[in-house]
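Report on the structure
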Amino acid sequence: MTFLTLGAQHAAAPAAHATPFAIANVVARPAGGNVVIEWNRTLLDIVRSPHAESTIHPTRNFAIMSAAVYDAVNAISRAHPLYGSGLAAPRDASRPAAAAAAAHDTLTALYPAHKAGLDRQLASDLAGIPDGRAKQEGIKVGAQAARAIIALRAHDGADATPPRYSTTGKPGDYRSTPPAFKAPEFTHWGKVTPFLLRTGHQFRPVAPPTLSSRPYAAAINEVKTIGAARSLTRTAEQTTLAKLWGGPAQNYWYDVAQQIALARHSDLDQSADLFALLNLTVADATIAIYDAKYTYRFWRPITAIRLAAGNPQVKRDPTWTPLVATPPDPSYPGMHSDISTAAATVLAAFYGDRNTFTLTSPATAGGPRPYTKPYSSLSATATEAGLSRIWGGVHTRLDHKSGNELGAAIAHYTLGQSKLAPAVPSSPTGKTPAGSASPAGATVANATVAVRDSKLGKILVDGRGRTLYLFVADKGTTSTCYGGCATAWPPLTTTGKPQAGSGASPALLGTTARTDHTTQVTYNGHPLYYFVTDVKPGDTTGQDVDSFGAKWYVLDPKGNKIGKG
């Protein structure tokens, strides 16, 4: 798959075949002069400090700082187009000075109470850089980058007053949970302007199953058994892991990124690229998860089990209590699953899946000693993060699956961008602006399937040359891709008879009815799809991607998958 240019160019190890890389003692080592990693650590320390809670979600601040650092560094190196407004800096300006100044100035604006400590850190960083014009030019462009990004995000909706949440009291509708019955948090966050996505609902998952359904009953009964405070089926290891993952999901992945970047000896430019893409992706995954949570307003397991309304297969237990405290927001989708999958996917694009790192459980006053565990796979760690919330009794497998798919869709989208740039929001009407081409996935009267040359050989495309894909999970001619899947992989739909273009066989063309009442084009029995990150005709960024539970492939002129590439 072709990833975002900055990820491909600056990856410190071949992503496809990266081997495990041990990082013993890395955590205890200083950042080795890499100010990008150093300032990410500083921000992580700030958000982990007491009384750091706020109505501004910390993922936004990580994204703002990283975008400013990225722009400051690239204004000098000119390796990539800038994310924010255009900046100019001499090529010999100091990139470390620029990065440090950009990080310092964004954080002092975002966390004025920490200004004294941030000033000392900046002075320390600058003291290690020789005095002169290069240093001063670096400081200047760093300050300019910080001001530009702060201005860009000044009216993004983050400072809006969170609307008060009121439950309807109906079965399935979220209500505050014991023991604290804390008011729901970040009720406004799904409306915040994303950093790379067009809207917070761009990849919104489908609604959860109804209360009367078998999948709902199975999911609730699973967490009722394994997630109870005194569960007899949860293993000792699952109990430990549920507690290890008890903190905010994003903080673990910021830490993992810092560990791996140090272990891989990523330089300042590579680190600026990595943390910009990672932190902007995580910020958008957070906006998207709150959009979905407060759209569906699904109740938490503790409420579902104590009330047991709507399904006779779920037996009421009015005293049931989960192992870990239930977060104060709706259950569906799962945040740990969403953020962990998004972060792991971005990190794997830079460094490969196999890396060795450690995670430590959050320290609590009067609680047990923190537990530290080594890991060797990013994807397996992301899966464990999601499952830990089932073992802890605060999420169901339905939440985990939808969160995982949401995070994957967002990460694949951001990795597929040709450059880091604020996305142009979708039209409020949902219609394509006049004079522009119809988007991938738009229904056409007589869809055309043709053949064109590509780097993978001769492949199937639509009438505009856009690459078409098959989904391995589909059951014959029946599509299994809906909701967030269909947003990331729009189906080729038609209102008339599909037409065979150059090189395509009319005998292999067909159609299939979708459950959303549209008609999808098939070829050799395979429903056909686009991929949202394909920007221009001939792009094949979806080739061999594992997404929404199975692989996706381009097709040859006979309608068979092309397995290479």
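See above for the structure.
All of the points below concern the structure found in this document. On a predicted model such as this, the values are computed, not experimentally measured, just so you know.

Quick notes on the environment of Ile37
Of note, Ile37 is situated in helix 2 (residues 35-48). Separated by 234 residues in sequence, Ile37 and Ser271 have C-alpha atoms that sit 7.0 Å apart.

Re the packing of aromatic side chains
Within the structure shown, the criterion is met by 19 aromatic pairs. With a centroid separation of 6.0 Å and an interplanar angle of 85 degrees, the aromatic rings of Tyr216 and Phe298 are classed as edge-to-face. Taken as a pair, Tyr216 in helix 7 (residues 214-226) and Phe298 in the loop between helix 10 (268-296) and helix 11 (301-307) lie far apart in primary sequence, 82 residues in all. By relative accessible area, which is 11% here, Phe298 ends up buried. Arranged with centres 6.3 Å apart and planes meeting at 15 degrees, the rings of Tyr290 and Tyr294 form a pair that is stacked. Of this pair, Tyr290 and Tyr294 both sit in helix 10, 4 residues apart, which is roughly one turn of the helix. Under the relative-accessibility criterion, Tyr290 is labelled buried at 3%. Taken together, the aromatic side chains of Tyr165, Tyr174, Phe186, Trp189, Tyr290 and Tyr294 make up a single cluster linked through ring pairs. Above the face of the Phe195 ring, Arg153 is positioned so that its terminal group lies 3.6 Å from the ring centre. Over the ring of Tyr482 we find Arg514, and its NZ or CZ is 4.2 Å from the ring centre.

Regarding the pairing of strand 7 (residues 509-513)
By the bridge criterion, 5 bridges tie strand 7 to strand 8 (residues 519-523) in an arrangement that is antiparallel. Bridging across to strand 8, Thr511 finds its partner in Val521. The loop that links strand 7 with its antiparallel partner strand 8 comprises 5 residues; one of these, His517, has a positive phi angle of about 70 degrees.

Some points on the pairing of strand 4 (residues 457-462)
Direction of pairing for strand 3 (residues 448-454) relative to strand 4: antiparallel, over a ladder of 6 bridges. Bridging across to strand 4, Val449 finds its partner in Asp462. The turn joining strand 3 and strand 4, which pair antiparallel and follow one another in sequence, is formed by 2 residues.

Parameters and conventions
- Residues numbered from 1 in each chain as written.
- Predicted model: local features only at pLDDT ≥ 70, side-chain atom pairs only at ≥ 80, totals over all residues.
- Heavy atoms only, no water.
- Helix = DSSP H or I, 4+ residues; strand = E, 2+ residues; numbered from the N terminus.
- Phe/Tyr/Trp six-rings, centres within 6.5 Å; stacked < 30°, edge-to-face > 60°.
- Buried < 20%, exposed > 50% of the residue type's maximum accessible area, 1.4 Å probe, protein only.
- Lys NZ or Arg CZ within 6 Å of the ring centre and 35° of its normal.
- Pairing = 2+ DSSP bridges.

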